[in-house]
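A look at the structure
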Amino acid sequence: MTALYRSGVLIIIAFLLAALTHVSAILLVPSLTPIDSWTKLAKLGDVGTFALVTTTDGVSDLVPRNDPMTIIAICRYDLDDSGPVRISGRLNLPYWGFFAHDRRGMVYYAINNRAFGERPLSLRVMTGDDVVRFRADLPEDAEQELLVASPDARGFVLIRALVPFPGSRLRVEAELKQLECRSGQ
């Protein structure tokens, strides 16, 4: 009976150790991967500039499963290197959505044109501490700006715009190209 008891205990211990190893591996792999979304998007260009990601077939290695009737503008930022980032421009489009992502690609803030209203797009992405300092000394020209606190120093903003009909693709691209993503503001 004691040999059978020891065997059962050893099997349970082995099972628990295997389960712990498996769960640990699943939880640690994302943080140990050297290439995150922010790094992958470096193909698009420099930090602090918008780049368009357009696909007509919905396939892109940077933005998988993209709707072919949308155009995406992406701007990477690094708050440690350049300080707060100001996103501005006027989008006269039937639909656009703004999404702020951390460096791993997780969305931490989103808004669309219906919630933002008719005013020009004007917002700042900054650290939580910078938001507090900025609100304390709010410049007059920044009263209508939306302040977005980033959980990480590195991340990216993505604006997805609807192409209402095929003939309007160039107009939507032109609207997105005029957007500004300026650092150090």
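Look up: the structure comes first, before these words.
Note that the structure is a prediction, hence the values are computed from the model and not measured. (Residues numbered from 1 in each chain as written. Predicted model: local features only at pLDDT ≥ 70, side-chain atom pairs only at ≥ 80, totals over all residues. Heavy atoms only, no water.)

Here we take up the sheet that holds strand 9 (residues 180-183). The strands that make up a sheet are held in pairs by hydrogen bonds between backbone atoms, and each pair lies either parallel or antiparallel. Pairing is mixed across the open sheet formed by four strands, whose spatial order is 7-6-3-9. Either end of the sheet is taken by a strand with one partner, and the two such strands are strand 7 (146-149) and strand 9. The average angle at which neighbouring strand axes cross in this sheet is 20°, direction not considered. Taken together, the four bridges between strand 3 (residues 85-89) and strand 9 define a ladder with antiparallel strand orientation. If you follow Val85 over to strand 9, its bridge partner there is Ser183. Relative to the sheet, helix 5 (residues 128-136) contacts strand 6 (121-126) and strand 7, its axis offset from that of strand 7 by approximately 150°. (Pairing = 2+ DSSP bridges. Helix = DSSP H or I, 4+ residues; strand = E, 2+ residues; numbered from the N terminus. Axes fitted to C-alpha atoms, helices over the stretch in contact; angles between N-to-C directions. Contact = heavy atoms within 4.5 Å.)

Tallied over the full model, the rule gives one aromatic pair. When the ring centre of Phe116 is taken as origin, the NZ or CZ atom of Arg119, which lies over that ring, is 4.1 Å away. (Phe/Tyr/Trp six-rings, centres within 6.5 Å; stacked < 30°, edge-to-face > 60°. Lys NZ or Arg CZ within 6 Å of the ring centre and 35° of its normal.)

Take Ser88: it is sitting in strand 3. On the basis of relative accessibility, which here comes to 11%, the residue Ser88 falls in the buried class. When residues no more than four places from it in sequence are discounted, the contact partners of Ser88 are Leu121, Ser122, Leu179, Glu180 and Arg182. (Buried < 20%, exposed > 50% of the residue type's maximum accessible area, 1.4 Å probe, protein only.)

Now for the state of the cysteines. Tallied over the entire structure, the rule returns one disulfide. The disulfide partner of Cys75 is Cys181, and the S-S distance across this bridge is 1.8 Å. What sets the handedness of the Cys75 and Cys181 disulfide is the S-S torsion sign, and at about -75° it is left-handed. Pair noted here: Cys75 is in strand 2 (residues 70-78) and Cys181 is in strand 9, with a separation of 106 residues, a long-range link. The exposure class of Cys75 is buried, given its relative accessible area of 0%. (Disulfide = S-S within 2.5 Å.)

Moving on: helix 5. Listed in full, the buried residues belonging to helix 5 are Asp130, Val131 and Phe134. The buried residues of helix 5 all sit within an arc of 105° when viewed along its axis, so they share a single face. The exposed residues of helix 5 that point more than 90 degrees off its buried face are Asp129, Val132, Arg133 and Ala136. (Arc of directions from axis to C-beta.)

Once that is clear, we can look at the pattern of salt bridges. Within the structure shown, the criterion is met by four salt bridges. Here Glu175 ties to Arg171 by a salt bridge, and the two come within 3.5 Å at their closest N and O atoms. Of this pair, Glu175 and Arg171 both sit in helix 6 (residues 169-177), separated by four residues, roughly a single helical turn. (Salt bridge = Lys/Arg side-chain N within 4 Å of Asp/Glu carboxyl O.)

By themselves, these are just geometric observations and shouldn't be taken as functional.
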